Amino acid sequence: MSDTRILVPSELFAPAESSCFEGTYEAGILKAGPDLYEFAGPLVWQATVTNTGGALLVTGTVEGVAKTSCARCLNAFEFPVTGEIEGYFLLSEEEEAPEDMDDDEFSYLPKNNVIELDPLIKAALLLEMPLVPLCDDDCKGICPDCGADLNEGPCECAQEPEEEPASTNPFSALKDLTFED
């Protein structure tokens with residue numbers, strides 16, 4: 001597994017200093033909701049760590065190619081992923097977080113001065129995963145009766161929309177109702 005730890009150099013403890021870091025990340029398989037995303041190769045990340053006075057701000061990107069199954073036709077497909085890495089680490093526990101930040105929006109820099117990017121990279125990737133993965137916006141899916149891929153053409157069962165019998169529709173009694181002006 002690739003190293004996603006950043007040992008904060010001593011020069012970054014001076015206000016307004018920044019440093020850039022980069023590396024690769026072996027994501028393997030990522031679960032987002034009911035879907036699994038596989039990354040064939042390592043993802044590439046880059047991060048800039050900036051001292052903002054009482055904290056270290058981590059910003060950057062992670063890029064790679066994800067593979068999953070289409071929610072409509074169930075065929076596997078690949079798509080590019082670019083996630084935004086963000087993190088805010090207070091330099092000491094005596095420092096107060098900005099008033100506009102909730103408790104889950106910042107961390108404290110560990111005593112060993114090592115920032116673990118792994119959770120920040122995973123969060124960046126999860127935010128980029130689609131709620132419903134589709135191989136194409138116009139994917140026709142599969143036939144609910146025979147299971148044929150409708151993207152390859154119509155299936156053998158050639159579904160005819162069956163008309164619902166009037167007796168099972170509770171609103172059928174209103175069909176012939178006329179209104180007077």
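Note: the structure precedes this text.
Everything quoted here is computed from the prediction, not taken from an experiment.

Participant: In this structure, what is going on with the layout of surface pockets? I would like to understand it.
Facilitator: With a probe scaled to a water molecule rolled over the atoms, the places where space remains empty come into view. Space inside the largest pocket adds up to approximately 350 Å³. Counting only elements with at least two residues in the lining of the largest pocket, the list comes to strand E7 (76-90) and helix H1 (118-128). Of the residues that constitute the lining of the largest pocket, the class distribution is 9 nonpolar, 2 polar and 5 charged.

Participant: Help me understand the pairing of strand E5 (residues 43-51), please; the structure alone is not making it clear to me.
Facilitator: Remark: a regular strand shows side chains that alternate across the two faces of the sheet. Sheet analysis places strand E2 (residues 18-25) next to E5, joined by 8 bridges and oriented antiparallel. From the neighbouring strand, Cys-20 faces E5, where its bridge partner is Thr-48.

Participant: So what exactly am I meant to see when it comes to the side chain of Asn-51 here?
Facilitator: Here Asn-51 shows up in strand E5. Here the side chain of Asn-51 touches Leu-12 through a polar contact of 2.7 Å, landing on its backbone oxygen. Beyond its immediate stretch of four places on either side in the chain, Asn-51 contacts Leu-12, Phe-13, Ala-14, Pro-15, Ala-16, Glu-17, Leu-56 and Leu-91.

Participant: It is not clear to me how H1 should be interpreted in this structure. Could you clarify?
Facilitator: Along an α-helix, a turn takes 3.6 residues, which lines up residues three or four apart on a common side. The complete set of buried residues in H1 reads Leu-120, Ile-121, Ala-124 and Leu-125. Relative to the axis of H1, the buried residues are bounded by an arc of 135° and lie together on one face. Counted as exposed and oriented over 90 degrees from the buried face of H1: Pro-119 and Leu-127.

Participant: Where do I start with the pattern of salt bridges in this structure?
Facilitator: Where charged atoms from two side chains of opposite charge come close, those side chains can pair. Inspection of every chain in the model, using the stated rule, returns 1 salt bridge. Salt-bridge contacts for Lys-122 lead to Asp-118; the nearest nitrogen and oxygen are separated by 3.6 Å. Taken together, the positions of Lys-122 and Asp-118, both in helix H1 and 4 residues apart, correspond to about one turn of that helix. Given a relative accessible area of 37%, Lys-122 falls into the partly exposed group.

Participant: Please explain the state of the cysteines as it appears in this structure.
Facilitator: By definition, a disulfide is the covalent link that joins the sulfur atoms of two cysteine residues. Using the criterion set out here, one finds 0 disulfides in the structure. The thiol of Cys-139 is not disulfide-bonded; the next cysteine sulfur, from Cys-73, is found 3.8 Å away. Looking at Cys-157, it has no disulfide partner, and the nearest cysteine sulfur is the one in Cys-155, 3.3 Å off. For Cys-157, a relative accessible area of 34% puts it in the partly exposed group.

Reading guide: rules and limits
- Residues numbered from 1 in each chain as written.
- Predicted model: local features only at pLDDT ≥ 70, side-chain atom pairs only at ≥ 80, totals over all residues.
- Heavy atoms only, no water.
- 1 Å grid on protein atoms, 1.4 Å probe; cavity = no way out; pocket = protein on both sides within 12 Å on 5 of 7 lines; lining within 4 Å.
- Points joined across faces, edges and corners; volume = space filled by probe spheres on them.
- Helix = DSSP H or I, 4+ residues; strand = E, 2+ residues; numbered from the N terminus.
- Nonpolar A, V, L, I, M, F, W, Y, C, P; charged D, E, K, R; others polar.
- Pairing = 2+ DSSP bridges.
- Polar contact = N/O pair within 3.5 Å; in protein donor to acceptor, adjacent residues only side chain to side chain.
- Contact = heavy atoms within 4.5 Å.
- Buried < 20%, exposed > 50% of the residue type's maximum accessible area, 1.4 Å probe, protein only.
- Arc of directions from axis to C-beta.
- Salt bridge = Lys/Arg side-chain N within 4 Å of Asp/Glu carboxyl O.
- Disulfide = S-S within 2.5 Å.

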